[in-house]
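Structural overview for review
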Amino acid sequence: MQWTALFCHPLWVVSTAVLAMVVRLQRRGRWDPRACPVQLKGKTAIVTGANTGIGKCIALDFARRGARVILACRSESRGLAAVKEIRDKTGNPDVHLRLLDLTSLDSVREFAKKIMEEEPALHILVNNAAISGFPRQITKDGLDATFATNHLGPFLLTNLLLDLLKRSVLARIVSVSTINHWKGVVDFSHFHGENLKYGWDQAYNHSKLHNIICTNELARRLQGTDVTANSVHPGVVLTDVMRYYPSMVRFLFNTIGILFFKSANEGSFSPIYCAVAEEMVGITGKYIDSDCSLSLPAPLARDPALAVKDFEICERLTSKL
Ligand SMILES: *[C@@H]1O[C@H](CO)[C@@H](O)[C@H](O)[C@H]1NC(C)=O
(Lines give C-alpha, C1' and ligand atoms only; values in the text may rest on other atoms or scores of the structure.)
Protein backbone atom coordinates (compact mmCIF):
# COMPACT_ATOMS: atom_id res chain seq x y z
CA MET A 1 0.00 0.00 0.00
CA GLN A 2 1.38 3.38 -1.01
CA TRP A 3 0.40 5.71 1.81
CA THR A 4 1.84 8.80 0.24
CA ALA A 5 -0.07 8.08 -2.95
CA LEU A 6 -3.26 7.60 -0.93
CA PHE A 7 -2.93 10.87 0.97
CA CYS A 8 -1.87 12.85 -2.04
CA HIS A 9 -4.79 11.60 -4.08
CA PRO A 10 -6.43 14.60 -5.78
CA LEU A 11 -9.78 13.66 -4.26
CA TRP A 12 -8.40 14.13 -0.75
CA VAL A 13 -6.77 17.40 -1.57
CA VAL A 14 -9.85 18.80 -3.28
CA SER A 15 -12.33 17.64 -0.63
CA THR A 16 -10.17 18.99 2.21
CA ALA A 17 -9.86 22.33 0.45
CA VAL A 18 -13.63 22.50 -0.12
CA LEU A 19 -14.35 21.57 3.51
CA ALA A 20 -11.92 24.22 4.74
CA MET A 21 -13.58 26.81 2.50
CA VAL A 22 -17.04 25.92 3.81
CA VAL A 23 -15.79 26.16 7.41
CA ARG A 24 -14.18 29.52 6.66
CA LEU A 25 -17.29 30.91 4.99
CA GLN A 26 -19.48 29.73 7.86
CA ARG A 27 -17.49 31.42 10.54
CA ARG A 28 -17.20 34.77 8.81
CA GLY A 29 -18.20 37.19 11.55
CA ARG A 30 -21.11 39.55 11.32
CA TRP A 31 -18.99 42.36 12.64
CA ASP A 32 -15.71 43.55 11.21
CA PRO A 33 -13.52 46.02 13.12
CA ARG A 34 -12.30 47.54 9.87
CA ALA A 35 -15.85 48.65 9.13
CA CYS A 36 -16.32 50.13 12.61
CA PRO A 37 -15.66 53.89 12.60
CA VAL A 38 -15.33 54.36 16.39
CA GLN A 39 -12.35 56.53 17.29
CA LEU A 40 -10.49 56.29 20.60
CA LYS A 41 -8.62 59.59 20.64
CA GLY A 42 -8.26 60.75 24.24
CA LYS A 43 -8.98 57.26 25.58
CA THR A 44 -6.54 54.97 27.35
CA ALA A 45 -6.52 51.20 26.99
CA ILE A 46 -4.56 48.41 28.66
CA VAL A 47 -4.15 45.03 26.95
CA THR A 48 -2.44 42.19 28.82
CA GLY A 49 -0.36 39.68 26.89
CA ALA A 50 -0.20 42.18 24.04
CA ASN A 51 3.19 41.22 22.63
CA THR A 52 1.78 38.34 20.58
CA GLY A 53 -1.30 36.69 19.09
CA ILE A 54 -4.77 38.07 19.76
CA GLY A 55 -3.49 40.61 22.31
CA LYS A 56 -1.18 42.23 19.78
CA CYS A 57 -3.97 42.46 17.21
CA ILE A 58 -6.26 44.08 19.78
CA ALA A 59 -3.59 46.61 20.76
CA LEU A 60 -2.93 47.36 17.08
CA ASP A 61 -6.63 48.05 16.50
CA PHE A 62 -6.85 50.41 19.50
CA ALA A 63 -3.71 52.23 18.33
CA ARG A 64 -5.24 52.64 14.85
CA ARG A 65 -8.23 54.29 16.48
CA GLY A 66 -5.93 56.79 18.15
CA ALA A 67 -5.98 55.46 21.71
CA ARG A 68 -3.19 55.69 24.22
CA VAL A 69 -2.34 51.98 24.45
CA ILE A 70 -0.44 50.29 27.25
CA LEU A 71 0.89 46.82 26.51
CA ALA A 72 1.14 44.82 29.73
CA CYS A 73 3.70 42.08 29.09
CA ARG A 74 6.04 39.83 31.00
CA SER A 75 8.97 39.96 28.58
CA GLU A 76 10.65 43.32 28.09
CA SER A 77 12.30 42.42 24.78
CA ARG A 78 9.17 40.95 23.19
CA GLY A 79 7.04 43.75 24.63
CA LEU A 80 9.30 46.46 23.19
CA ALA A 81 9.34 44.72 19.81
CA ALA A 82 5.51 44.77 19.79
CA VAL A 83 5.45 48.45 20.80
CA LYS A 84 7.75 49.30 17.93
CA GLU A 85 5.74 47.23 15.45
CA ILE A 86 2.45 48.82 16.48
CA ARG A 87 3.89 52.36 16.42
CA ASP A 88 5.37 51.72 12.97
CA LYS A 89 2.19 50.23 11.54
CA THR A 90 -0.20 52.83 12.93
CA GLY A 91 1.92 55.98 13.18
CA ASN A 92 0.56 56.36 16.73
CA PRO A 93 3.47 57.16 19.06
CA ASP A 94 1.28 56.86 22.17
CA VAL A 95 1.89 53.12 22.58
CA HIS A 96 3.83 51.97 25.64
CA LEU A 97 5.09 48.94 27.49
CA ARG A 98 4.61 48.32 31.21
CA LEU A 99 5.97 45.11 32.66
CA LEU A 100 3.50 42.77 34.29
CA ASP A 101 3.94 39.20 35.48
CA LEU A 102 0.47 37.85 36.22
CA THR A 103 1.84 34.82 38.09
CA SER A 104 3.01 37.16 40.85
CA LEU A 105 0.45 39.10 42.90
CA ASP A 106 3.23 41.51 43.92
CA SER A 107 3.95 42.22 40.26
CA VAL A 108 0.24 42.88 39.69
CA ARG A 109 0.15 45.28 42.66
CA GLU A 110 3.28 47.08 41.46
CA PHE A 111 1.89 47.39 37.93
CA ALA A 112 -1.47 48.71 39.15
CA LYS A 113 0.23 51.21 41.48
CA LYS A 114 2.28 52.56 38.60
CA ILE A 115 -0.78 52.87 36.37
CA MET A 116 -2.73 54.68 39.12
CA GLU A 117 0.16 57.12 39.54
CA GLU A 118 0.79 57.72 35.85
CA GLU A 119 -2.61 57.55 34.17
CA PRO A 120 -5.37 60.08 34.79
CA ALA A 121 -7.91 57.76 33.13
CA LEU A 122 -8.47 54.20 31.92
CA HIS A 123 -11.31 53.52 29.50
CA ILE A 124 -10.58 49.97 28.35
CA LEU A 125 -9.03 47.02 30.15
CA VAL A 126 -8.65 43.81 28.14
CA ASN A 127 -7.63 40.82 30.24
CA ASN A 128 -6.24 38.73 27.41
CA ALA A 129 -3.07 37.01 28.68
CA ALA A 130 -3.38 33.29 29.38
CA ILE A 131 -1.38 30.08 29.39
CA SER A 132 -2.44 26.50 28.77
CA GLY A 133 -0.78 23.12 29.21
CA PHE A 134 1.55 24.53 31.85
CA PRO A 135 3.08 21.94 34.22
CA ARG A 136 2.25 21.95 37.92
CA GLN A 137 3.97 24.86 39.55
CA ILE A 138 3.03 26.63 42.76
CA THR A 139 3.78 30.35 42.85
CA LYS A 140 5.26 32.12 45.83
CA ASP A 141 1.72 33.23 46.68
CA GLY A 142 0.83 29.54 47.10
CA LEU A 143 -1.29 29.47 43.94
CA ASP A 144 -1.29 27.19 40.94
CA ALA A 145 0.61 29.01 38.17
CA THR A 146 -2.08 28.50 35.52
CA PHE A 147 -4.83 29.76 37.81
CA ALA A 148 -2.65 32.69 38.92
CA THR A 149 -1.90 33.75 35.34
CA ASN A 150 -5.30 33.11 33.81
CA HIS A 151 -7.60 34.09 36.64
CA LEU A 152 -6.32 35.37 39.98
CA GLY A 153 -3.74 37.77 38.54
CA PRO A 154 -6.26 39.38 36.14
CA PHE A 155 -8.88 39.32 38.92
CA LEU A 156 -6.62 41.33 41.25
CA LEU A 157 -5.50 43.62 38.44
CA THR A 158 -9.09 44.48 37.56
CA ASN A 159 -10.04 45.17 41.17
CA LEU A 160 -7.01 47.40 41.73
CA LEU A 161 -7.81 49.44 38.62
CA LEU A 162 -11.54 49.77 39.34
CA ASP A 163 -11.34 53.27 40.87
CA LEU A 164 -9.52 54.55 37.81
CA LEU A 165 -12.03 52.85 35.50
CA LYS A 166 -14.94 54.34 37.44
CA ARG A 167 -13.48 57.82 37.03
CA SER A 168 -13.27 57.33 33.24
CA VAL A 169 -16.58 57.82 31.49
CA LEU A 170 -18.00 54.69 29.84
CA ALA A 171 -15.17 52.35 30.76
CA ARG A 172 -15.24 48.75 29.58
CA ILE A 173 -13.63 45.63 31.01
CA VAL A 174 -13.23 42.72 28.60
CA SER A 175 -12.31 39.28 29.84
CA VAL A 176 -11.02 36.99 27.11
CA SER A 177 -12.37 33.57 28.04
CA THR A 178 -13.07 30.68 25.66
CA ILE A 179 -15.70 28.14 24.69
CA ASN A 180 -13.48 25.63 26.55
CA HIS A 181 -15.05 26.92 29.78
CA TRP A 182 -17.93 24.49 29.07
CA LYS A 183 -15.50 21.72 30.04
CA GLY A 184 -14.45 23.49 33.23
CA VAL A 185 -15.72 22.76 36.73
CA VAL A 186 -15.52 24.78 39.93
CA ASP A 187 -13.38 23.26 42.65
CA PHE A 188 -11.82 25.87 44.90
CA SER A 189 -8.93 23.56 45.82
CA HIS A 190 -7.76 24.02 42.20
CA PHE A 191 -6.51 27.48 43.13
CA HIS A 192 -3.83 25.81 45.23
CA GLY A 193 -2.96 23.26 42.56
CA GLU A 194 -4.89 20.44 44.20
CA ASN A 195 -7.08 17.87 42.40
CA LEU A 196 -5.80 19.07 39.04
CA LYS A 197 -4.57 17.06 36.11
CA TYR A 198 -1.73 18.68 34.23
CA GLY A 199 -0.20 18.18 30.83
CA TRP A 200 -2.83 19.71 28.60
CA ASP A 201 -5.81 22.03 28.83
CA GLN A 202 -7.67 20.94 31.95
CA ALA A 203 -6.47 23.72 34.26
CA TYR A 204 -6.92 26.17 31.39
CA ASN A 205 -10.55 25.11 30.90
CA HIS A 206 -11.33 25.50 34.62
CA SER A 207 -9.61 28.88 34.84
CA LYS A 208 -11.58 30.18 31.85
CA LEU A 209 -14.83 29.22 33.59
CA HIS A 210 -13.76 31.28 36.62
CA ASN A 211 -13.10 34.24 34.26
CA ILE A 212 -16.75 34.32 33.22
CA ILE A 213 -18.17 33.64 36.68
CA CYS A 214 -16.20 36.48 38.30
CA THR A 215 -16.73 38.87 35.39
CA ASN A 216 -20.48 38.38 35.78
CA GLU A 217 -20.29 39.01 39.50
CA LEU A 218 -18.14 42.08 38.88
CA ALA A 219 -20.75 43.36 36.41
CA ARG A 220 -23.41 42.91 39.09
CA ARG A 221 -21.32 44.83 41.62
CA LEU A 222 -20.73 47.59 39.08
CA GLN A 223 -24.40 48.19 38.42
CA GLY A 224 -25.16 51.87 38.78
CA THR A 225 -21.68 52.85 37.59
CA ASP A 226 -20.56 53.64 34.04
CA VAL A 227 -18.26 50.61 33.94
CA THR A 228 -19.28 47.47 32.05
CA ALA A 229 -17.68 44.02 32.25
CA ASN A 230 -18.17 41.27 29.68
CA SER A 231 -16.58 37.95 28.71
CA VAL A 232 -15.80 36.81 25.24
CA HIS A 233 -14.93 33.73 23.21
CA PRO A 234 -12.40 34.73 20.54
CA GLY A 235 -12.85 31.55 18.49
CA VAL A 236 -10.53 28.63 18.10
CA VAL A 237 -7.34 30.43 17.28
CA LEU A 238 -3.77 29.35 16.68
CA THR A 239 -1.68 31.33 19.15
CA ASP A 240 1.12 31.09 21.64
CA VAL A 241 -1.40 29.95 24.24
CA MET A 242 -0.43 26.47 23.04
CA ARG A 243 3.29 27.00 23.62
CA TYR A 244 3.42 24.57 26.53
CA TYR A 245 1.66 21.72 24.69
CA PRO A 246 3.65 18.62 23.70
CA SER A 247 5.39 19.21 20.37
CA MET A 248 3.39 16.50 18.59
CA VAL A 249 0.12 18.13 19.64
CA ARG A 250 1.38 21.54 18.56
CA PHE A 251 2.40 20.09 15.21
CA LEU A 252 -1.07 18.60 14.69
CA PHE A 253 -2.82 21.83 15.69
CA ASN A 254 -0.57 23.82 13.43
CA THR A 255 -1.16 21.68 10.36
CA ILE A 256 -4.91 21.21 10.78
CA GLY A 257 -5.27 24.68 12.19
CA ILE A 258 -4.03 26.50 9.11
CA LEU A 259 -7.14 25.24 7.33
CA PHE A 260 -9.75 25.31 10.05
CA PHE A 261 -8.79 27.68 12.86
CA LYS A 262 -9.08 31.41 12.96
CA SER A 263 -6.04 33.60 12.61
CA ALA A 264 -5.03 35.72 15.62
CA ASN A 265 -6.36 38.71 13.71
CA GLU A 266 -9.80 37.12 13.30
CA GLY A 267 -9.64 36.05 16.94
CA SER A 268 -9.28 39.68 17.98
CA PHE A 269 -12.63 40.69 16.43
CA SER A 270 -14.93 39.72 19.29
CA PRO A 271 -12.71 41.22 22.04
CA ILE A 272 -12.46 44.44 19.99
CA TYR A 273 -16.23 44.37 19.50
CA CYS A 274 -16.74 44.25 23.29
CA ALA A 275 -14.21 47.03 23.84
CA VAL A 276 -15.25 49.57 21.18
CA ALA A 277 -18.50 48.77 19.34
CA GLU A 278 -21.46 51.13 19.76
CA GLU A 279 -23.65 48.03 20.02
CA MET A 280 -22.02 47.19 23.35
CA VAL A 281 -22.69 50.51 25.09
CA GLY A 282 -24.43 49.78 28.39
CA ILE A 283 -24.27 46.00 27.89
CA THR A 284 -22.75 44.27 30.90
CA GLY A 285 -22.40 40.83 32.47
CA LYS A 286 -22.75 39.13 29.11
CA TYR A 287 -20.86 36.47 27.15
CA ILE A 288 -20.05 37.32 23.54
CA ASP A 289 -19.39 34.58 21.01
CA SER A 290 -16.60 34.57 18.42
CA ASP A 291 -19.00 35.91 15.77
CA CYS A 292 -19.72 38.93 18.02
CA SER A 293 -23.19 37.74 18.98
CA LEU A 294 -24.67 37.54 22.46
CA SER A 295 -24.45 33.96 23.67
CA LEU A 296 -25.19 31.90 26.76
CA PRO A 297 -22.21 30.56 28.71
CA ALA A 298 -22.25 27.19 30.50
CA PRO A 299 -24.83 26.78 33.31
CA LEU A 300 -22.10 27.03 35.98
CA ALA A 301 -21.28 30.50 34.66
CA ARG A 302 -24.91 31.53 35.15
CA ASP A 303 -25.28 30.59 38.82
CA PRO A 304 -25.46 33.84 40.82
CA ALA A 305 -24.89 32.21 44.23
CA LEU A 306 -21.80 30.43 42.95
CA ALA A 307 -20.58 33.72 41.49
CA VAL A 308 -20.86 35.52 44.84
CA LYS A 309 -18.93 32.72 46.55
CA ASP A 310 -16.26 32.49 43.83
CA PHE A 311 -15.70 36.25 43.84
CA GLU A 312 -15.33 36.34 47.64
CA ILE A 313 -12.85 33.46 47.64
CA CYS A 314 -10.80 35.13 44.90
CA GLU A 315 -10.85 38.38 46.87
CA ARG A 316 -9.53 36.57 49.91
CA LEU A 317 -6.84 34.76 47.91
CA THR A 318 -5.57 37.98 46.34
CA SER A 319 -5.82 40.27 49.36
CA LYS A 320 -2.71 41.16 51.27
CA LEU A 321 -2.88 39.53 54.68
C1 LIG B 1 -10.97 21.49 27.43
O2 LIG B 1 -11.91 22.03 26.53
C3 LIG B 1 -11.76 21.58 25.19
C4 LIG B 1 -12.75 22.32 24.34
O5 LIG B 1 -14.04 22.23 24.80
C6 LIG B 1 -11.97 20.09 25.13
O7 LIG B 1 -11.80 19.61 23.81
C8 LIG B 1 -10.99 19.41 26.06
O9 LIG B 1 -11.24 18.02 26.09
C10 LIG B 1 -11.10 19.99 27.47
N11 LIG B 1 -10.06 19.38 28.29
C12 LIG B 1 -10.32 18.71 29.40
C13 LIG B 1 -9.16 18.07 30.07
O14 LIG B 1 -11.46 18.62 29.85
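Summarised in this report is the structure supplied together with it. (Residues numbered from 1 in each chain as written. Predicted model: local features only at pLDDT ≥ 70, side-chain atom pairs only at ≥ 80, totals over all residues. Heavy atoms only, no water.)

**Considerations on the sheet that holds strand β5 (residues 172-176)**
Two modes of strand pairing occur in sheets, parallel and antiparallel, and in both the strands are linked by backbone hydrogen bonds. Spatially, β3-β2-β1-β4-β5-β6-β7-β8 is the arrangement adopted by the eight strands of the open sheet, whose pairing is mixed. Whereas interior strands pair on both sides, the edge strands pair on one side only; in this sheet they are β3 (95-99) and β8 (294-295). Summarising the sheet, strand β4 (residues 124-127) and β5 pair through four bridges and their orientation is parallel. For V126, the partnering residue across the bridge sits in β5 and is V174. (Pairing = 2+ DSSP bridges. Helix = DSSP H or I, 4+ residues; strand = E, 2+ residues; numbered from the N terminus.)

**Digging into the pattern of salt bridges**
Scanning all chains against the criterion turns up 14 salt bridges. For K113, the salt bridge identified is with E117, shortest N-O distance 3.5 Å. With K113 and E117 both in helix α5 (residues 105-118), this residue pair falls four residues apart, about one helical turn. (Salt bridge = Lys/Arg side-chain N within 4 Å of Asp/Glu carboxyl O.)

**Regarding the packing of helix α3 (residues 53-64) against helix α10 (residues 269-276)**
Two elements in contact, α3 and α10, have axes whose closest approach is 9 Å; the angle formed by their N-to-C orientations is 40°. Our classification of the angle between α3 and α10 gives oblique. Crossing handedness for the pair α3 and α10: right-handed. Contacts from I54, C57, I58, D61 and F62 of α3 reach α10 at P271, I272, A275 and V276. (Axes fitted to C-alpha atoms, helices over the stretch in contact; angles between N-to-C directions. Parallel < 35°, antiparallel > 145°, perpendicular 65-115°, else oblique. Left-handed = near helix turned anticlockwise from the far one by under 90°. Contact = heavy atoms within 4.5 Å.)

**Brief notes about the site of the ligand**
Taken together, the residues surrounding the ligand are N180, K183, D201, Q202 and N205. Between a nitrogen atom of the ligand and a side-chain N or O atom of D201, the distance comes to 2.8 Å. Taking 360 Å² as the accessible area of the ligand by itself, protein coverage stands at 57%. (Near = heavy atom within 4 Å. Polar contact = N/O pair within 3.5 Å; in protein donor to acceptor, adjacent residues only side chain to side chain. Areas by Shrake-Rupley, 256 points an atom, 1.4 Å probe, with all protein chains shown as cover.)

**What to know about the nonpolar core**
When a protein is soluble and globular, its nonpolar side chains tend to lie buried together. Counting 46 residues, the largest nonpolar core has I46, L161, L165 and I173 as its most contacted members. Elements supplying a minimum of two residues to this core: β2 (68-73), α5, α6 (145-167), α7 (202-221) and α11 (304-318). Considering every element that reaches this core, the biggest residue donor is α6, with 10 residues. Those residues in contact with L165, other than ones at most four positions away along the chain, are L122, H123, L125, A171, I173 and V227. Counting residues in hydrophobic clusters, the runner-up holds 39 residues, among them C73, V95, I124 and Y273. (Core = buried A, V, L, I, M, F, W, Y, C linked by side-chain atoms within 4.5 Å. Buried < 20%, exposed > 50% of the residue type's maximum accessible area, 1.4 Å probe, protein only.)

**Observations regarding unusual backbone geometry**
Positive phi, close to 60°, is recorded for L170, a residue that is not glycine. Position of L170 relative to the elements: it lies in the loop between α6 and β5. Classification of L170 as partly exposed rests on a relative accessible area of 47%. Even without being a glycine, C292 presents a positive backbone phi close to 65°. Assignment of secondary structure puts C292 in the loop between β7 (287-288) and β8. For C292, a relative accessible area of 3% corresponds to the buried category.

**Remarks on the packing of aromatic side chains**
By the definition in use, this model includes four aromatic pairs. Measuring from ring centre to ring centre gives 6.1 Å for F188 and F191, while their planes differ by 35°; the resulting arrangement is tilted. Summarising the burial analysis for this pair, F188 and F191 share the class buried. Among the aromatic residues, those joined into a cluster by ring pairs are F147, F188 and F191. (Phe/Tyr/Trp six-rings, centres within 6.5 Å; stacked < 30°, edge-to-face > 60°.)

**Details of empty space enclosed by the protein**
Here the structure, examined in full by the defined rule, presents one cavity of 30 Å³ or more. Taken as a whole, the largest cavity holds about 190 Å³ of empty space. Lining the largest cavity are 18 residues, and of these N127, P154, F155, T158 and T215 sit closest to its centre. Those elements giving two or more residues to the lining of the largest cavity turn out to be α6, β5 and α7. When residues of the lining of the largest cavity are assigned to their parent elements, the largest contribution, six residues, is made by α6. (1 Å grid on protein atoms, 1.4 Å probe; cavity = no way out; pocket = protein on both sides within 12 Å on 5 of 7 lines; lining within 4 Å. Points joined across faces, edges and corners; volume = space filled by probe spheres on them.)

In short, geometric facts, not functional conclusions.
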